[in-house]
Amino acid sequence: MATALSEEELDNEDYYSLLNVRREASSEELKAAYRRLCMLYHPDKHRDPELKSQAERLFNLVHQAYEVLSDPQTRAIYDIYGQRGLEMEGWEVVERRRTPAEIREEYERLQREREERRLQQRTNPKGTISVGVDATDLFDRYDEEYEDVSGSGFPQIEINKMHISQSIEAPLTATDTAILSGSLSTQNGNGGGSINFALRRVTSAKGWGELEFGAGDLQGPLFGLKLFRNLTPRCFVTTNCALQFSSRGIRPGLTTVLARNLDKNTVGYLQWRWGIQSAMNTSIVRDTKTSHFTVALQLGIPHSFALISYQHKFQDDDQTRVKGSLKAGFFGTVVEYGAERKISRHSVLGAVVSIGVPQGVSLKVKLNRASQTYFFPIHLTDQLLPSAVFYATVGPLVVYFAMHRLIIKPYLRAQKEKELEKQRESAASDILQKQQEAEAAVRLMQESVRRIIEAEESKMGLIIVNAWYGKFVNDKSKKNEKVKVIDVTVPLQCLVKDSKLILTEASKAGLPGFYDPCVGEEKNLKVLYQFRGVLHQVMVLDSEALRIPKQSHRIDTDG
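Definitions and limits used
Residues numbered from 1 in each chain as written. Predicted model: local features only at pLDDT ≥ 70, side-chain atom pairs only at ≥ 80, totals over all residues. Heavy atoms only, no water. UniProt positions renumbered as here; feature names shortened; annotations may be inferred. Helix = DSSP H or I, 4+ residues; strand = E, 2+ residues; numbered from the N terminus. Buried < 20%, exposed > 50% of the residue type's maximum accessible area, 1.4 Å probe, protein only. Areas by Shrake-Rupley, 256 points an atom, 1.4 Å probe, with all protein chains shown as cover. Pairing = 2+ DSSP bridges. Salt bridge = Lys/Arg side-chain N within 4 Å of Asp/Glu carboxyl O. Phe/Tyr/Trp six-rings, centres within 6.5 Å; stacked < 30°, edge-to-face > 60°. Axes fitted to C-alpha atoms, helices over the stretch in contact; angles between N-to-C directions. Parallel < 35°, antiparallel > 145°, perpendicular 65-115°, else oblique. Contact = heavy atoms within 4.5 Å. Nonpolar A, V, L, I, M, F, W, Y, C, P; charged D, E, K, R; others polar. Lys, Arg positive; Asp, Glu negative; His and termini not counted. Expected span 1.5 Å × (residues − 1). Arc of directions from axis to C-beta. Core = buried A, V, L, I, M, F, W, Y, C linked by side-chain atoms within 4.5 Å. Domains from an automatic or database assignment.

With an unreviewed UniProt entry as reference, the protein is termed DnaJ homolog subfamily C member 11, source organism Carlito syrichta. Of the comments in the UniProt record for the protein, the one headed Subcellular location (unreviewed entry) reads "Mitochondrion outer membrane". The heading Sequence similarities (unreviewed entry) in the UniProt record of the protein holds the text "Belongs to the DNAJC11 family."

Peer 1: Explain the overall build of the protein here, please?
Peer 2: If you tally the helices and strands in the protein, you get eight helices and 23 strands. Scored against the burial criterion, the 559 residues of the protein give a buried share of 34%. Counting every atom, the protein has about 34,000 Å² of accessible surface; 56% of that belongs to carbon and sulfur.

Peer 1: How do you make sense of the pairing of strand S6 (residues 222-232) when you look at a structure like this?
Peer 2: A regular strand places its side chains on the two faces of the sheet in alternate fashion. In the sheet, strand S5 (residues 207-216) pairs with S6 via eight bridges, with the strands oriented antiparallel. If you follow Phe213 over to S6, its bridge partner there is Phe223. Linking S5 to S6, which pair antiparallel, is a turn of five residues. Looking at chain direction, S6 and strand S7 (residues 235-246) are connected through 10 bridges and run antiparallel. Paired with Phe228 across the strands is Thr238, a residue of S7. The hairpin formed by S6 and S7 contains two residues between the paired strands.

Peer 1: So what exactly am I meant to see when it comes to the pattern of salt bridges here?
Peer 2: Where charged atoms from two side chains of opposite charge come close, those side chains can pair. According to the stated counting rule, one finds 16 salt bridges in the structure shown. For the salt bridge of Asp176 with Arg201, the shortest nitrogen-to-oxygen distance reads 2.7 Å. Of this pair, Asp176 sits in strand S3 (residues 176-187) while Arg201 sits in strand S4 (residues 190-204); the two residues are 25 residues apart in sequence, bridging distant segments of the chain. The exposure class assigned to Asp176 is buried, which follows from its relative accessible area of 11%. On the accessibility criterion, Arg201 (47% relative accessible area) is partly exposed. Of the charged contacts in the structure, one is a salt bridge between Glu521 and Lys484, with a shortest N-O distance of 2.9 Å. Taken together, the residues Glu521 in the loop between strand S20 (501-503) and strand S21 (524-531) and Lys484 in strand S19 (residues 484-487) connect sequence positions 37 residues apart. Residue Glu521 is classed as buried on the basis of its relative accessible area, which comes to 12%.

Peer 1: I would appreciate a short explanation of the packing of aromatic side chains in the present structure.
Peer 2: Think of a pair of aromatic rings as described by two things: how far the centres are apart, and how the planes are tilted against each other in angle. Applying the stated criterion to the full structure yields nine aromatic pairs. Between Tyr34 and Tyr66 the ring centres are 4.1 Å apart and the planes differ by 5°, which places this aromatic pair in the stacked class. Separated by 32 residues along the polypeptide, Tyr34 in helix H3 (residues 27-41) and Tyr66 in helix H4 (residues 49-70) bring together distant segments of the chain. This pair shows no difference in class: Tyr34 is buried, exactly as Tyr66 is.

Peer 1: I keep staring at the sheet that holds strand S22 (residues 534-541) and nothing clicks. Help me out?
Peer 2: Within a beta sheet, neighbouring strands are joined by backbone hydrogen bonds and run either parallel or antiparallel to one another. Sheet architecture is open: four strands sit in the order S19-S18-S21-S22, paired in antiparallel fashion. Of all the strands in the sheet, just S19 and S22 have a single pairing partner and so form its edges. Across the sheet, the axes of successive neighbouring strands diverge by a mean angle of 20°, strand direction being ignored. In this structure, strand S18 (residues 462-471) lies alongside S19, joined through four bridges in antiparallel fashion.

Peer 1: I would appreciate a short explanation of the packing of H3 against H4 in the present structure.
Peer 2: Orientation of H3 relative to H4, taken along the N-to-C sense of each, is 170°, at an axis distance of 9 Å. In terms of axis orientation, H3 runs roughly antiparallel to H4. On H4, the residues touching Leu30, Lys31, Tyr34, Leu37, Cys38 and Tyr41 of H3 are Ala55, Leu58, Phe59, Val62, His63, Tyr66, Leu69 and Ser70. Classifying every residue of the contact of H3 with H4 by side-chain character gives 11 nonpolar, two polar and one charged.

Peer 1: Could you clarify how one ought to interpret the side chain of Lys508 in this entry?
Peer 2: Summarising the element assignment, Lys508 is placed in the loop between S20 and S21. Buried within the structure, Lys508 lacks any salt-bridge partner; its nearest side chain of opposite charge belongs to Asp542, at an N-O separation of 5.0 Å. Beyond its immediate sequence surroundings of up to four residues, Lys508 is in contact with Tyr469, Leu503, Phe514, Leu525, Leu541, Asp542, Ser543 and Glu544.

Peer 1: Sorry if this is basic, but what is going on with H3 here?
Peer 2: It helps to recall that an α-helix has 3.6 residues per turn; residues three or four apart then point in one direction. Between its first and last C-alpha atoms H3 spans 21 Å; for 15 residues at 1.5 Å apiece the expected length is 21 Å, and the two agree. Buried within H3 we find Leu30, Ala33, Tyr34, Leu37, Cys38, Leu40 and Tyr41. In an axial view of H3, the angular spread of the buried residues amounts to 160°, which keeps them on one side of the axis. More than 90 degrees from the buried face of H3, the exposed residues found are Glu28, Arg35 and Met39.

Peer 1: Hey, could you run me through the side chain of Glu340 in this one?
Peer 2: For Glu340, the position within the fold is in strand S14 (residues 332-342). Apart from residues lying up to four places away in sequence, Glu340 is in contact with Gln319, Thr320, Arg321, Lys323, Val348, Leu349 and Gly350.

Peer 1: What's the story with the nonpolar core in this structure? I'm lost.
Peer 2: Generally speaking, soluble globular proteins have nonpolar side chains that are buried together. Counting residues in hydrophobic clusters, the biggest one holds 29 residues, and the most contacted among them are Leu19, Val21, Leu30, Tyr41, Val62, Leu69 and Met445. Elements that contribute at least two residues to this core include exactly helix H2 (15-19), H3, H4 and helix H7 (386-458). The greatest single-element share of this core, amounting to 10 residues, is contributed by H4. There are two domains that each give this core at least three residues, and those are domain 1 (17-91) and domain 4 (429-558). Residues contacting Met445, with those up to four places away along its chain left out, are Leu40, Tyr41, Val490, Pro491, Cys494, Pro512 and Gly513. Core analysis: the next-biggest nonpolar cluster, separate from the first, contains 24 residues, Leu503, Leu511, Phe514 and Val527 among them.

Printed below as a string of structure tokens:
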């Protein structure tokens, strides 16, 4: 009697990896892979009771995989939902009579509904904390006649301003959202705060509107209206009207922005602002995978300026960016340069040096942690001093590299180890089961492998000499780490057909006779094989496709 497969066993399987076929495999490719594995695992080929039992279980698993993937409807459901999607009941079941395209559309609709339900429970908090530091005493010291004043021997560094703001969003319906925000500010001993409430409604797929009400102790009530509208697929407009009530009367304001996509990566903006600080502004922003470029020109009262900025994005794991800008206008000229880098999964640290006339030299440090921003502008001097520029540039670099080496890197390494340990603990029983299944599959393959090797040797074809799968340690800096590999010589030889071995672009852990020896860690497959009597060797990443034999794999023995 066939051995039944548990729900957990089915959920843990990748049917494509099990059959060693591409996700885009045709029905002919699926049928060929299925027949090959059926011949290998057919229970009637084994007399030993233990092997027969293992063969029945693997045979049923292969049969289940083929049944799912050979039917276009069930295959579409499996591609989207996984195995659990095939077992859904009630309204969540997608009709099997629908085409794969219709099934995908239905799934996307269900996803949108689930997303809307999640929005009902999400407040999306955002906050900013800004602390201004006056460190001018480090470089702009008093004259010598003041040196006798008590305490003048040490530079006076003080916090001269602070700003805290916070906002939360509360979705009321699928189209309505309430937004509550507040802020507190203080500078040189004087401060104040404000609170704002806004109600936003999405009127259609092309636009939304927002009503805003606010009040504060420094200014009177505020009433505002914001509108957004897509005019064409490449053009949109936003309008913001506001009425600010104060002791001086009502101060109206109007801001309108017209934007157009000039090409795939470039957007042009035209802005007109009337009321408080009236101005006209035009800008072009180009954002690509490797760079961000902005050029802007503003004519207004009291500020008119021209701006050009450039940011280069490095394609590394830390998402490093370097940037520079030049801004010149009636207020003076400011040159800024800096960099930012990802220091953890949710944190980005950046620093910018600002050099201007008549502003002087400042260092601006910013930390983004999820939806929270911490900003520290440090004013160093009112003059253009080379020493201030030097320390503002070199100081943050020295501090960052010291912190990265002594604090950040060890912390991230410890966090990664904790996550890996959790994965190992949660997958411990599954790993043991997979290991037993792989060993059983290897035993079932022995007779087929013997015949394959005899056939390949007779024509000097493809012979797998040795093959290992898992974690290899080649870097000397990781010499203390343990190598974790398993021997997969037999499973790979079993996949050889007509002197060729083809592995698809997927994790090798799902292949027959394989299992994951190091959950959560980077893995490779290393193969030493013989073809036409010549040794070849290749190493590929876990999810990298492999096709052998190849001339480039040949081992040069001339030396």
